[in-house]
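Given next are the chains, with one letter for each unit.
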Amino acid sequence: MTLATLTRPWAAMSYGFLDASAKREMRRKIIKAIAVPGCQMPYASREVPIARGWGTGGLQVTLTLIKPASVVKVIDQGADDSVNAASIRRFLSRVSGAAETWDTLEATILQSRHRIPEERLRDDQVLVLQVPNPEPLRPVQPNMSIARQMHADADYGRLWLVLYEQMVRSGRIVQGAAYPSLVNGRHVMTPSPIPRWDVPKLHMAHHLTLLSAGREKRLYAVPPFTRVEPLVFSDVPYQVEDHAGLTCHRSGLSGVFMNEIPQDSGGSVFEASDSNLGIKAIRQAEGEATKIGPMWYENGELRP
Amino acid sequence: MTVMERLAPQLVTGAPLLTMSGISRRFGAVVALEDVAATVWPGEVLGIVGESGSGKSTLLRMMNLEDTPDTGTYHLALPETPGNLFDLDRFARRQLCARRIGIVYQNPHLGLLMGHSSSGNVAERLLIAGERSFATLRAKAKGALEASEFPLTRMDDPPRQLSGGMQQRVQLAKAIALEPALLLLDEPTTGLDVSVQALVLDTLKRLQRDRAITMVIVSHDLGVIRTMADRVMVMRHGRVVEEGLVDQVFQDPQHPYTQELVHAKL
């Protein structure tokens, strides 16, 4: 008997890039995060071959969840074809053998920055959000040790102070992204820099959402069918961006979240932020057989 | 009760609001407080004087439940707090402090969020107590700032842009926003120039008269105590050396240290 018969053949890396002990730790922390919705779990953020701040947190979660039968979609600012999204997606499929897709309906794991797709996610899909700053209390409490105590005490009164000052200064709430939200009536989380438009999509959602910050080494989760309530004043209702009346100049879509594109003339045109939805809409208009799934919003109103 | 009736001398017959007894606190070998007792009746102003390091600020911190003594008890005659307040857990202490006790520190950096607006600082207090209506927050913050004679044109400026006197007024507004049962003042006018000091004392005096707030005021300035307080406690080396009505203590000091203090001042 030789040593070679007892060991596996040499390979450049473990399956899914991360080694077994790293994945085991990630799995444990993911389970903990799901058990206590919205509570930040510290984890040992491993080195991955992209720079901190480019989605290392999300990437580590995805690398842990991935299997050969997975289908991955990676979104950066709503687009699948940006450099960052394309290279993360290619990396994921190279180290795991998983299939790549642009289509929200086909994907089993969706890693995203800034957006949640406009098509409704199903209970067999997992959304992984990359988070730059996981601490909602940072604007009001720069000391992280005290912030952790405030989380333990559910002492969130000060978060309304930020909203109060926005109301005083601008007459409305101007918090555009990372809107602090109460998860399951207990922990306030920052839902990563998704726009206000996307926060209601997390409320009682059918899918699992995992949020991970690689640089800050924190991981938290919104399990399926969990309450996610944005913080509001009792007399100032929560409002999403007023994009219902806008039409995408390329696909003709309306009632979805738009990107504003300034023009030479000084005006601007709008483009659907979820770029693959726009592509599907154009294909459908040209008579190709394309399936667009049920959407979260209809005419700017969230469907129940 | 009219203002004149309130001003008239009254015989205190009710139960005290604040009762502290047997308070001792050591920091290593340093004795900060040694068997201190204090009693404050509703509507009364208690002054605490003493030299630096006499334990007066430590005692005030304990009244605000920021510190726990080695031995001693603390009772407030409030419906929700029947027992010794030092036995409360962190959460209950915070609730009690936010709702029932107001404090003005000598250093406004301790009591205020310097980067947030002044009205926001007052609103924070209400937010911690659970107020969630923007209109109410705004109105109450404005009312409290008005009561502490803060210029309303500057109510949305951050305290770091305000003068020392105005910062103290913001602290005061924050402290009285929830109509506390007990208002603690830690050297509220130290570091202000004499004219501003007089104005701030004036505001405090008027508030005391209008609302009959129970106050404990710590100062090393006998003038402040003489203006504000009804009764005075003289502290030295962590002990209370003399206690009595302000006029009585300052006119006829019994303890050698009090005599020294009064003569040094006058």
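Computed from a prediction, not measured in an experiment: that's the story for all the values here. (Residues numbered from 1 in each chain as written. Chains lettered and ligands numbered in written order. Predicted model: local features only at pLDDT ≥ 70, side-chain atom pairs only at ≥ 80, totals over all residues. Heavy atoms only, no water.)

### Here's the deal with the overall build of chain A
A count of helical and extended segments in chain A gives seven helices and 14 strands. For 304 residues, the compact-globule estimate of 2.2 N^0.38 gives 19 Å, and chain A sits close to it at 20 Å. Oriented by its inertia axes, the alpha-carbon framework of chain A measures out at about 80 × 55 × 35 Å. Looking at the 304 residues of chain A, the share that counts as buried comes to 53%. (Helix = DSSP H or I, 4+ residues; strand = E, 2+ residues; numbered from the N terminus. Rg over C-alpha atoms; globule rule 2.2 N^0.38 Å. Buried < 20%, exposed > 50% of the residue type's maximum accessible area, 1.4 Å probe, protein only.)

### Structural notes on the interface of chain B and chain A
Taken together, the contacts link 20 residues of chain B with 17 residues of chain A. Together chain B and chain A conceal approximately 1800 Å² of surface at their shared face, both sides included; 57% is due to carbon and sulfur atoms. Put simply, chain B and chain A have four salt bridges between them. Taken together, the links from chain B to chain A amount to 12 residue pairs in polar contact (both at pLDDT 80 or more). (Contact = heavy atoms within 4.5 Å. Buried area = accessible area lost by both parts, 1.4 Å probe. Salt bridge = Lys/Arg side-chain N within 4 Å of Asp/Glu carboxyl O. Polar contact = N/O pair within 3.5 Å; in protein donor to acceptor, adjacent residues only side chain to side chain.)

### Section: unusual backbone geometry
Residue and element names in this part refer to chain B. Of note, Asp35 is a non-glycine position whose phi angle comes to about 50 degrees, a positive value. Counting through the fold element by element, Asp35 comes out in strand β2 (residues 30-40). For Asp35, a relative accessible area of 54% translates into the label exposed. The phi angle at Leu65 is positive, at roughly 60 degrees, despite the residue not being glycine. Relative to the helices and strands, Leu65 resides in the loop between α2 (56-63) and β4 (71-76).

### Quick notes on the pattern of salt bridges
Counted according to the given criterion, the structure contains 37 salt bridges over all chains. One salt bridge in this structure joins Lys73 of chain A and Asp80 of chain A, with 3.0 Å as the shortest N-O distance. Taken as a pair, Lys73 of chain A and Asp80 of chain A share a single burial class, namely buried. Between Asp210 of chain B and Arg206 of chain B there is a salt bridge whose closest N-O contact spans 3.2 Å. Note that Asp210 of chain B and Arg206 of chain B are positioned in helix α8 (residues 194-211) at a spacing of four residues, about one turn of the helix. Here the salt bridges share partners, and the residues they tie into one network are Arg115, Glu118, Asp198 and Lys201 of chain A.

### A word on the domain arrangement of chain A
Residue and element names in this part refer to chain A. Partitioning chain A into domains gives domain 1 (20-230) and domain 2 (258-302). Taken over C-alpha atoms, the centre of domain 1 sits 24 Å from the centre of domain 2. In this assembly, 21 residues from domain 1 lie in contact with 17 residues from domain 2. For the domain 1 and domain 2 pair, buried surface summed over both sides reaches about 1600 Å², with 54% attributable to carbon and sulfur atoms. When the area that domain 1 buries against domain 2 is broken down by residue, the three leading residues are Glu118, Glu119 and Arg120, summing to 37%. Taken together, domain 1 and domain 2 are joined by two salt bridges. The shortest N-O distance in the salt bridge between Lys280 and Glu119 comes to 2.8 Å. Here the residues of the side of domain 1 that touches domain 2 are counted per class, giving nine nonpolar, four polar and eight charged. (Domains from an automatic or database assignment. Nonpolar A, V, L, I, M, F, W, Y, C, P; charged D, E, K, R; others polar.)

### Details of the sheet that holds strand β2 (residues 71-76) of chain A
Residue and element names in this part refer to chain A. The strand order across the open sheet built from seven strands is β1-β9-β8-β5-β4-β2-β3, with neighbouring strands paired in mixed fashion. Unpaired on one side and paired on the other, β1 (41-42) and β3 (99-100) mark the two borders of the sheet. Judged from the five bridges that link them, strand β8 (residues 208-213) and strand β9 (residues 218-222) form a sheet pairing that is antiparallel. Looking across to β9, one finds that Leu211 is bridged to Tyr220. The strands touched by helix α4 (residues 83-96) are β2, β3, β4 (109-113) and β5 (126-130); relative to β2, the strand with the most contacts, the crossing angle is about 160 degrees. (Pairing = 2+ DSSP bridges. Axes fitted to C-alpha atoms, helices over the stretch in contact; angles between N-to-C directions.)

### Let's talk about the packing of helix α3 (residues 56-65) of chain A against α4 of chain A
Residue and element names in this part refer to chain A. Two elements in contact, α3 and α4, have axes whose closest approach is 11 Å; the angle formed by their N-to-C orientations is 30 degrees. Here α4 runs roughly parallel to α3, going by the angle between their axes. Of the two possible hands of crossing, α3 and α4 adopt the one that is right-handed. In this structure, α3 contributes Leu59, Thr62 and Leu63 to the contact, and α4 contributes Ile88, Phe91, Leu92 and Val95. (Parallel < 35°, antiparallel > 145°, perpendicular 65-115°, else oblique. Left-handed = near helix turned anticlockwise from the far one by under 90°.)

### Focus: the environment of Thr68 of chain B
Residues and elements named next belong to chain B. Here Thr68 lies in the loop between α2 and β4. The partly exposed category is assigned to Thr68, whose relative accessible area is 33%. With 45 residues separating them along the chain, Thr68 and Ile23 place their C-alpha atoms 9.3 Å apart. Among all residues touching Thr68, those that are not within four sequence positions of it are Arg25, Met62, Phe86 and Arg93.

### Things to note about the sheet that holds strand β1 (residues 18-27) of chain B
Residues and elements named next belong to chain B. One open sheet accounts for three strands, arranged β2-β1-β4; its pairing is antiparallel. Pairing within the sheet leaves two strands with one partner each, and these edge strands are β2 and β4. Going from strand to strand, the sheet's axes swing by 20 degrees on average, the running direction of each strand aside. Across seven bridges, β1 lies against β2 in antiparallel orientation. From the neighbouring strand, Phe27 faces β2, where its bridge partner is Val30.

### What about α8 of chain B?
Because each turn of an α-helix spans 3.6 residues, side chains separated by three or four positions end up pointing in the same direction. Residue and element names in this part refer to chain B. Its 18 residues place the ends of α8 26 Å apart at the C-alpha level, agreeing with the 26 Å of an ideal helix rising 1.5 Å per residue. Against β3 (45-50), α6 (134-147), α7 (164-176), β6 (182-186), β7 (214-218) and α9 (222-228) lie the buried residues of α8. Directly beyond the C-terminal end of α8, a positive phi value near 50 degrees is found at Ala212. (Expected span 1.5 Å × (residues − 1).)

### What to know about α2 of chain B
Residues and elements named next belong to chain B. Within α2, six of the eight residues are buried, which leaves it mostly tucked inside the rest of the structure. Buried residues of α2: Lys56, Thr58, Leu59, Leu60, Met62 and Met63, and no others. Where α2 ends, the next residue or the one after it, Leu65, has phi of about 60 degrees, a positive value.

### Here we look at the pairing of β5 of chain A
Residues and elements named next belong to chain A. In terms of residue burial, β5 counts as a mostly covered element, since five of its five residues are buried. Neither face of β5 is open: one carries Val126, Val128 and Gln130, the other Leu127 and Leu129, and all of them are buried. Pairing analysis gives four bridges linking β4 to β5, with the strands arranged parallel. Its bridge partner being in β5, Leu110 is matched across the sheet by Leu127. Where β5 and β8 come together, five bridges link them in parallel fashion. Its bridge partner being in β8, Val126 is matched across the sheet by Leu208.

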